[in-house]
Amino acid sequence: MASISKQKNSGMLRARIEDAVRLCGRRCRPCFVGFLDERERAEAERLLQRELCPSGMSSCFYGGYEEAERTLLGVAPGEEPPAPEDFPLGPLAFYYRREASLTHRDFLGAMMACGIRRDRLGDILCGSGAHAGLTVVFTGRELLPWIGGQLDRIGREGVRLEPDYTGPLPFPRQYEEISDTIASPRMDAVVKVMIRSSRETAARLIETGQVEQNHLPCLSVSAVVREGDILSIRGKGRYLVDRVGPPTKKGRLFISIRRCL
């Protein structure tokens, strides 16, 4: 059943991209698909590179800020992809008491209860520390005034809304820095460093389908890991590969990785 559902979702994504490409060619202006999660984005990139983006068109992804996890896909005529200001999205700020413990789930649930589909919502950034009492939600621009007229509470907490928020974004993500040396940039060698295990344990995780590279399953222990790759291990978290190299005097490679906490 899971395989059938995955195939269905992949087919729906393909149809959405095809519609955007067709409309872009017909109207000679940018068209957009989204919001896509990271797995959908990886699949969209694969489809565009292999077959769906014809010559004379360009594409890019944007979610409102540089490190967005949920992004819109923009397809444009010509060699220049859509600029950030072309994307039909905007940030909506929610202000509330600093003492309130509102979470990502609270905001997502409240907006979906209003009838907003998940693909109309981008990242939800809940502030903490200096940004406590502030959450910023990225959504379709046309929904900004509508949400403002629908929501004045999240759970039992009263909130004040500010469409087209322009202040600093709350970034709740924290990272653990991991540095080591590896014999080669093979997947099993890198996973061994990431989870601080034996190479045999790392290989077993890879071969049993528990490792993803850039949001797609990786079953090869010899797959090459490159700078900028995002690696996920089921039950152990997500890792960002910042640097591979330079070689040490003994011929090994320095590697720097960040684990998302």
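Residues numbered from 1 in each chain as written. Predicted model: local features only at pLDDT ≥ 70, side-chain atom pairs only at ≥ 80, totals over all residues. Heavy atoms only, no water.

**Q** How should I be thinking about the side chain of glutamine 213 in this particular structure?
**A** Looking at where glutamine 213 falls in the secondary structure, it is placed in strand β11 (residues 211–213). Glutamine 213 sits in the buried class, given a relative accessible area of 16%. A distance of 2.8 Å separates polar atoms of two side chains, one belonging to glutamine 213 and the other to aspartate 229. Setting aside residues up to four positions removed in sequence, glutamine 213 forms contacts with Met187, Cys218, Ala223, Val224, Val225, Asp229, Ile230 and Leu231. (Helix = DSSP H or I, 4+ residues; strand = E, 2+ residues; numbered from the N terminus. Buried < 20%, exposed > 50% of the residue type's maximum accessible area, 1.4 Å probe, protein only. Polar contact = N/O pair within 3.5 Å; in protein donor to acceptor, adjacent residues only side chain to side chain. Contact = heavy atoms within 4.5 Å.)

**Q** Mind showing me how you'd approach the packing of helix α5 (residues 187–195) against helix α6 (residues 199–207) here?
**A** Two elements in contact, α5 and α6, have axes whose closest approach is 8 Å; the angle formed by their N-to-C orientations is 110 degrees. One finds that α5 runs roughly perpendicular with respect to α6. As α5 packs across α6, the resulting crossing turns out to be right-handed. When α5 is examined against α6, the residues Met187, Asp188, Ala189, Val191, Lys192 and Ile195 are found in contact with a partner set consisting of Arg199, Ala202, Leu205 and Ile206. Residues that form the contact of α5 with α6 fall into these classes: 7 nonpolar, no polar and 3 charged. (Axes fitted to C-alpha atoms, helices over the stretch in contact; angles between N-to-C directions. Parallel < 35°, antiparallel > 145°, perpendicular 65-115°, else oblique. Left-handed = near helix turned anticlockwise from the far one by under 90°. Nonpolar A, V, L, I, M, F, W, Y, C, P; charged D, E, K, R; others polar.)

**Q** Help me understand the pairing of strand β5 (residues 121–126) in this model?
**A** One face of the sheet, then the other: side chains in a regular strand alternate in exactly this way. Burial runs high along β5: 6 of the 6 residues are buried. Where β5 lies against strand β6 (residues 134–140), 4 bridges are found, and the strand directions are antiparallel. By the bridge assignment, cysteine 126 is partnered in β6 with threonine 135. (Pairing = 2+ DSSP bridges.)

**Q** When you look at the pattern of salt bridges in this model, what are you seeing that I'm missing?
**A** When the charged atoms of two side chains lie near each other, side chains of opposite charge can form a pair. Taken as a whole and judged by the stated rule, the model has 17 salt bridges. Arginine 14 is the partner of glutamate 18 in a salt bridge, and the nearest nitrogen-oxygen pair spans 3.2 Å. Of the two residues, glutamate 18 and arginine 14 both sit in helix α1 (residues 2–27), 4 residues apart, roughly one turn of that helix. Glutamate 18 sits in the partly exposed class, given a relative accessible area of 31%. Judged by relative accessible area, which is 28%, arginine 14 ranks as partly exposed. The partner of arginine 46 in a salt bridge is glutamate 43, with the nearest N and O atoms 2.6 Å apart. With arginine 46 and glutamate 43 both in helix α2 (residues 38–52) and 3 residues apart, this pair spans about one turn of that helix. Its relative accessible area of 14% is what places glutamate 43 among the buried residues. Sharing partners across several salt bridges, the network here consists of Arg16, Arg117 and Asp119. (Salt bridge = Lys/Arg side-chain N within 4 Å of Asp/Glu carboxyl O.)

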